[in-house]
Structures are given as C-alpha cells and as structure tokens.
Amino acid sequence: MSVRQIWKTTRFDLDLSERPLVMGIVNVTPDSFSDGGQHDDPARAIDFCERLLGEGADILDLGAESTRPGAPKVSADEEWHRLEPVLRAALSLGIPVSVDTSKTEVMQRALDLGVDIINDVMALRDEGAEALLASHAAAGICLMHMRGDPASMQQQTAYTDVVAEVRDFLQARLDCLLGRGVAPERITLDPGYGFAKTVEQNIALQQRQWELLAMGRPLLVGWSRKSTLGALTGRAVDERLSASVAAALATVAQGARVVRVHDVAATVDALKVWQAFVRPTA
C-alpha cells in the first residue's frame, strides 16, 4: 500500500498519492517563449484561467516575467502590475494558485493576497526569500534547479554528472529551508529541464530522474513545449503538443507527481488513460 503524500499549501492540502496533478501555465507576459502576448491583457488572462479550470487543471501557475533563455529582467513593480489583477481573480476560482516568481518583493505581495504556492526557478536565492517563506505558516514552495539566470543560463552547462549535481543543488536548498523550520510537506522539487542544460543533459536527467526521489520530496516537472522536444521531433514550438504529452507521461512514469503544462486538456486526458492502464488491480 502506497504512503499518502501530501503537498501542504496556504489553502489546500494536495494529495499527490492518488494521481499526478496537472499545473496549468498562465503566462501574463509579452515575451514568454511559446505564448508570449496571448494573455498579457488581464481580461484575457482571467478568461484563460477559467478555461484551464474547465479543462481539468488542478493548479494554476501564474507568471509575469519570462524565464525563456535570454529573457531580459523586469522590475518588481512591473511584474506585480502585470500579475496583481489576474492573481486576485484566480484566487476566487476555488483552485490552488501558484505564482512563478524569483523576487522576494513579488512573493511578499502575493502571499499577502493569499497565494497558495511560490514557484521559484531560482530556488529562493533572492535576498530575503528564504526568510520570507520560512516565516509564512503554510505556503507551498517549489524549488527549481538552474544555474545563473535566464539571460546567462545556457552558457553555464558544464557538468561532470548532471544528475548528481542537480540532486546536490536541490538537496542543499531543501536542507536550508528545513533548517529554518519549514515543514517538509510544504516543499516540492523541480529538476529544471531546459534551464542551464543541453539537449543531451536534459535527456540524461530525465532517464535518471528516479534518482532524485531519494531526497524524499515530490517532483514537479515542466517539459511542456521545450526546445529539447523540438530537437527530438524537429517540430516548431507551436507544433509540440504530442511531444509535450508524451514527455508528461514519461516524467510521471519516472516518479513526478505534478506536471506543469500549457496544454491542460490533452494532458489531463492522457494521464487518465495512462493511469487506468498502469494502475495495478486489487
């Protein structure tokens, strides 16, 4: 019998034991790599949140600063200006809401509104971020592996053993939070596919992803539409639906419990079929 695995967040205790959860991406940006500008108007972004909810999303992940390779930084005020109206509306939908940000100031404002999860590609390395989340009673946290920042990360891909080095980084960040008294049930880990990694490194990391489970925390994984899938298939970014769904299934088969995706309906359907086929009979 499997051990019940819970991800504790501000308003919801998410059961990751029964089935993998689908986190729907809502990019409130003009320049994200696959859908920049599609939802940068608050009304369109709010409509999109409602659409993803109808498609079966378990979590909404709102981001207001692009993290694509080479993306320029934006100020905390600009990021919050893009994010605030959409976040306020999303928090009323009765579904867990995550904010994808690396800035302590934006985290603080989002937590003040009652956001459920902070999803940080920088793993809370901004000044004050660790202390902020440690002082919060319940917010969920996702720590992701990345070297450098989006502008420089693809020049920092020299690894001796990419799996061991990703694991060691995530373990160190996890230990820092646990040392500050953060309950482990609040924390998930993200290998950071596509962030400071080559195509070959991304594939090797996926093939050995199960090794990351030894840290004892659930894995949240994002493969959706990424360039490695384009390299494998020869497809443009807007033609990677099948590859993205296949990657979601593969990463779940290797132990991931949350998949972060653009194409929610297709992923939800695929996971339902996959789970029905692989679930052992009583």
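Note: the structure precedes this text.
Overview of the structure.

Conventions used here
For every chain, the first residue of its written sequence is number 1, and the numbers climb from 1 along that sequence. Local features in this predicted model are restricted to residues whose pLDDT is 70 or higher, and side-chain atom pairs enter the listing and the counts only when it is 80 or higher, whereas totals over whole chains, interfaces and linings include all residues. Hydrogens and water molecules were not included; the side-chain quantities draw on all heavy atoms of the structure. Comment: elements are numbered from the N terminus, with helices defined as DSSP H or I runs of at least four residues and strands as E runs of at least two. A radius of gyration in this sense is built from C-alpha atoms; the matching globule rule multiplies 2.2 Å by the number of residues raised to 0.38. Relative accessible area decides the class of each residue, using a 1.4 Å probe on protein chains only: under 20% of the type maximum gives buried, over 50% gives exposed, and in between gives partly exposed. Contacts: residue pairs with any heavy atoms within 4.5 Å of one another. Here the accessible surface of atoms and residues is derived via Shrake-Rupley with a 1.4 Å probe, and residues count as covered only by protein chains that are part of the display. Angles run from 0 to 180 degrees between N-to-C directions of axes, and those axes are lines fitted to C-alpha atoms, restricted for helices to the stretch in contact. Oblique is the label for any angle not covered by the other classes, which are roughly parallel (under 35 degrees), roughly antiparallel (over 145) and roughly perpendicular (65 to 115). In this scheme the crossing of two helices becomes right-handed for a clockwise turn of the near helix relative to the far one and left-handed for an anticlockwise turn of less than a right angle. Only when DSSP finds a minimum of two bridges between them are two strands counted as paired. Nonpolar cores were defined as sets of buried Ala, Val, Leu, Ile, Met, Phe, Trp, Tyr and Cys residues, with membership established by side-chain atoms within 4.5 Å. Note: the arc covers the axis-to-C-beta directions of the helix.

In terms of helices and strands, the protein carries nine helices and 10 strands. A compact globule built from 282 residues would reach a C-alpha radius of gyration of about 19 Å, and the protein, at 17 Å, matches this within 12%. Along the three orthogonal principal directions, the C-alpha set of the protein runs to about 45 × 45 × 40 Å. Here the protein holds 282 residues, and the buried ones make up 54% of them. Long-range pairs, those at least 24 residues apart, make up 68% of the contacts in the protein between residues at least 6 apart in sequence. Accessible surface for the protein amounts to roughly 11900 Å². Of this, 52% is attributable to carbon and sulfur atoms.

Where helix 1 (residues 42-54) meets helix 2 (residues 76-90), the axes come as close as 9 Å, and the angle between the chain directions of the two elements is 30°. Between helix 1 and helix 2, the crossing angle belongs to the class labelled roughly parallel. Two packed elements cross with a definite hand, and for helix 1 against helix 2 that hand is right-handed. Contact residues: Pro 42, Ala 45, Ile 46 and Cys 49 in helix 1; Pro 85, Val 86, Ala 89 and Ala 90 in helix 2.

A few words on the environment of Gly 54. By secondary structure assignment, the location of Gly 54 is in helix 1. Since its relative accessible area comes to 70%, Gly 54 is described here as exposed. Spatially, the C-alpha atom of Gly 54 lies 38 Å from that of Cys 176, the residues being 122 residues apart in sequence.

A regular strand carries its side chains on alternate faces of the sheet. Residues Val 258 and Arg 260 point to one face of strand 10 (residues 258-261) and Val 259 and Val 261 to the other, with burial holding for every one of them. Bridge count between strand 3 (residues 21-27) and strand 10: four bridges; the pairing is parallel. Note that in strand 10 the partner of Met 23 across the bridge is Arg 260. Here two bridges tie strand 9 (residues 220-221) to strand 10, and the two strands are oriented parallel to one another. Paired with Leu 220 across the two strands is Val 258, which belongs to strand 10.

Residues Leu 60, Leu 62, Leu 87, Leu 124 and Leu 133 are the most contacted members of the largest nonpolar core, which totals 71 residues. Ranked by residue count, the leading element in this core is helix 5 (residues 162-179), at seven residues. When residues no more than four places from it in sequence are discounted, the contact partners of Leu 124 are Met 107, Ile 118, Ala 129, Glu 130, Leu 133, Ile 141, Leu 143, Arg 173 and Leu 177. Ranked by size, the runner-up nonpolar core spans 10 residues in total, among them Leu 14, Met 23, Ile 59 and Cys 142.

A few words on helix 3 (residues 104-113). Buried within helix 3 are the following residues: Thr 104, Val 106, Met 107, Ala 110 and Leu 111. Buried positions in helix 3, seen along its axis, are confined to an arc of 155° and lie on one side of it. Of the surrounding secondary structure, the elements contacted by the buried residues of helix 3 are helix 2, strand 5 (97-100), strand 6 (117-120) and helix 4 (129-135). Of the residues flanking the end of helix 3, it is Gly 114, one or two places downstream, whose phi is positive at about 105°.

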